[in-house]
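Structure at a glance
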Amino acid sequence: MIGPSVVDIGVSLLPVFIFLTVLIFLDSFKLVKLSSIILAILVGCIVVGIALFVNTWLLNLLPIDDKIFRRYGAPIVEEVLKASYIIYLMKNKKIGFMVDGAIYGFAIGTGFGCIENIYYLQSLPHSTLLLWIIRGFGTAIMHGGATAIFGIIAKNYSERKSSESIHFFLPGLLIAIFIHSIYNHVLLPPHITTVLLLIILPTLMMVVFNQSEKATRQWLGVGFDTDAELLEMINTGKISETKVGNYLQSLMGRFPGEVVADMFCFLRIHLELSVRAKGILLMRETGFTVAPDPEVKEKFMELKYLEKSIGITGRRAILPFIHTTSRDLWQLHMLGKN
């Protein structure tokens, strides 16, 4: 028996990796580390096994035809499983922008699609080259694209609503399931569906990348100037002349002096880390590589100590001057990984 040829293996596995590589290079800020991308691919590989188990269990449990389940049941199971890792990353403030969600989502879909195609390569060793072209350029990229679109919509929607509650992930998940289901319906000849996918998905990704980078530059410009100005006032001793200084002075009657001093230190260190994180992003955009700063780890440790020292009430008191959007929390996470 003759198994799949090298060409069969290549066209079924390489296209999705090439597409993912292009996405990574399109990201001007290079915010997602290679190790994080590899981990996302591995997660996608693991998800295939879980999806196979769940799909088989549901098929045996439910009185439903295999064709109907493939159209409606499998897309729900597989997209929910793939999306769960994106939700985990967003809940832990590890995704800062829509482009990050797109890269993470496509990486998960890459792992999923490749393992699925390897399974079919073993199961259908005598299939034609056309099948592997369709699976490589169509099915695998559909898996990556559907999860990437979920990541984009989930990030955009949660930012606009300033919340990451679980129900805010539903619109993106429903769209990903819809795309997957439509693909599995085979409404058009497979080769036409594949061509349409290769036209629509890159166009969509280009639009998303452009919009995300515009939003990133705007956020960097405004946030950097605001943080840098406030930090300069603190470092030059002019903070007492500002509304921020007057506000901190007013807290003396509500909190012990040492707690107010810790609030002041917390604000200063938070601003230093924020300014450095934005500076790193600006340098990355221009192609510079920033060496890790050994002092950053110490500052994070001091920040955690001060956070406990001032307590929940103290943190709420200085909340107006501490950025708490998902992007601002993400930048501190990003800086902590450098």
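Every value quoted in this text rests on a predicted model; they were computed, and no experiment measured them.

Regarding the overall build of the protein chain
Check the secondary structure of the protein chain and you find eleven helices and zero strands. Secondary structure elements of the protein chain, listed N to C terminal, follow the sequence α-α-α-α-α-α-α-α-α-α-α. Expressed as a percentage of the 338 residues in the protein chain, the buried residues total 47%. By sequence separation, contacts in the protein chain at least 24 residues apart represent 81% of the contacts at least 6 residues apart.

A short note on the packing of helix 2 (residues 34–61) against helix 4 (residues 98–123)
Interaxial distance between helix 2 and helix 4 falls to 7 Å at its minimum, and their mutual angle equals 45 degrees. Comparing their axes, helix 4 and helix 2 come out oblique. The element helix 2 and its partner helix 4 pack so that their crossing is right-handed. When helix 2 is examined against helix 4, the residues Ser36, Ile37, Ala40, Ile41, Gly44, Cys45, Val47, Val48 and Ala51 are found in contact with a partner set consisting of Ile103, Tyr104, Ala107, Ile108, Gly111, Phe112, Ile115 and Glu116. Its residues assigned to classes, the contact of helix 2 with helix 4 shows 13 nonpolar, three polar and one charged.

Observations concerning the packing of aromatic side chains
Using the criterion set out here, one finds five aromatic pairs in the structure. Where Phe19 meets Phe106, the ring centres are 4.8 Å apart and the plane angle is 20 degrees; that geometry is what we call stacked. Taken together, the residues Phe19 in helix 1 (residues 6–26) and Phe106 in helix 4 connect sequence positions 87 residues apart. Taken individually, Phe19 and Phe106 each receive the classification buried, so the pair is uniform in this respect. Here the aromatic rings of Tyr119 and Tyr120 are separated by 5.5 Å at their centres, their planes lie at 80 degrees, and the arrangement is edge-to-face. Judged by relative accessible area, Tyr119 falls into the partly exposed class, the value being 46%. Classification of Tyr120 by relative accessible area gives partly exposed; the value is 30%. The residue whose ring lies beneath Lys82 is Phe112, and the NZ or CZ to ring-centre distance is 5.3 Å.

Looking at helix 2
The first and last C-alpha atoms of helix 2 sit 40 Å apart over 28 residues, in line with the 40 Å expected at 1.5 Å per residue. The complete set of buried residues in helix 2 reads Ile37, Ala40, Ile41, Val43, Gly44, Val47, Val48, Ala51, Asn55 and Leu58. Looking at the buried positions of helix 2, the neighbouring elements they touch are helix 1, helix 3 (66–91) and helix 4.

Details of the nonpolar core
Ranked by internal contacts, the top residues of the largest apolar core, which has 51 residues, are Phe106, Phe150 and Met205. Where this core is concerned, the elements lending two or more residues are helix 1, helix 2, helix 3, helix 4, helix 5 (129–161), helix 6 (170–185) and helix 7 (190–235). Aside from chain neighbours lying at most four places away, what touches Phe106 is Val16, Phe19, Leu20, Leu23, Ile141, Gly144, Gly145, Ala148 and Leu201. Counting residues in hydrophobic clusters, the runner-up holds 14 residues, among them Val259, Met263, Leu273 and Ile310.

A closer look at the pattern of salt bridges
Note that side chains of opposite charge can pair when their charged atoms are close. Applying the stated rule across the entire model yields three salt bridges. The salt bridge involving Arg70 is made with Asp66; its shortest N-O contact spans 3.1 Å. Pair noted here: Arg70 and Asp66 are both in helix 3, with a separation of four residues, about one helical turn. The salt bridge involving Glu116 is made with Arg135; its shortest N-O contact spans 2.8 Å. Of this pair, Glu116 sits in helix 4 while Arg135 sits in helix 5; the two residues are 19 residues apart in sequence, bridging distant segments of the chain. Residue classification places Glu116 among the buried residues on the basis of a relative accessible area of 14%. A relative accessible area of 12% places Arg135 in the buried class.

Describing helix 3
Helix length check: helix 3 (26 residues) gives 35 Å between terminal C-alpha atoms against 38 Å at 1.5 Å per residue, within 8%. The sharpest bend along helix 3 comes to roughly 40 degrees, located at Gly73, with the proline Pro75 sitting one to four residues further on. Two or three places before Lys67, at the start of helix 3, stands the capping residue Asp65, its side-chain oxygen 2.9 Å from that residue's backbone nitrogen. One or two positions beyond helix 3, positive phi appears at Lys93, with a value near 60 degrees.

Observations concerning the side chain of Thr194
With respect to the secondary-structure elements, Thr194 resides in helix 7. We classify Thr194 as buried; its relative accessible area is 6%. For Thr194, the residues in contact, after removing those within four places along its chain, are Ile134, Phe137 and Gly138.

Details of unusual backbone geometry
In this model, Val186 sits at a positive phi of 50 degrees, which is unusual for a non-glycine residue. Topologically, Val186 is positioned in the loop between helix 6 and helix 7.

Analysis parameters
- Residues numbered from 1 in each chain as written.
- Predicted model: local features only at pLDDT ≥ 70, side-chain atom pairs only at ≥ 80, totals over all residues.
- Heavy atoms only, no water.
- Helix = DSSP H or I, 4+ residues; strand = E, 2+ residues; numbered from the N terminus.
- Buried < 20%, exposed > 50% of the residue type's maximum accessible area, 1.4 Å probe, protein only.
- Contact = heavy atoms within 4.5 Å.
- Axes fitted to C-alpha atoms, helices over the stretch in contact; angles between N-to-C directions.
- Parallel < 35°, antiparallel > 145°, perpendicular 65-115°, else oblique.
- Left-handed = near helix turned anticlockwise from the far one by under 90°.
- Nonpolar A, V, L, I, M, F, W, Y, C, P; charged D, E, K, R; others polar.
- Phe/Tyr/Trp six-rings, centres within 6.5 Å; stacked < 30°, edge-to-face > 60°.
- Lys NZ or Arg CZ within 6 Å of the ring centre and 35° of its normal.
- Expected span 1.5 Å × (residues − 1).
- Core = buried A, V, L, I, M, F, W, Y, C linked by side-chain atoms within 4.5 Å.
- Salt bridge = Lys/Arg side-chain N within 4 Å of Asp/Glu carboxyl O.
- Bend = angle between axes of the 7 residues up to and from the residue.
- Polar contact = N/O pair within 3.5 Å; in protein donor to acceptor, adjacent residues only side chain to side chain.

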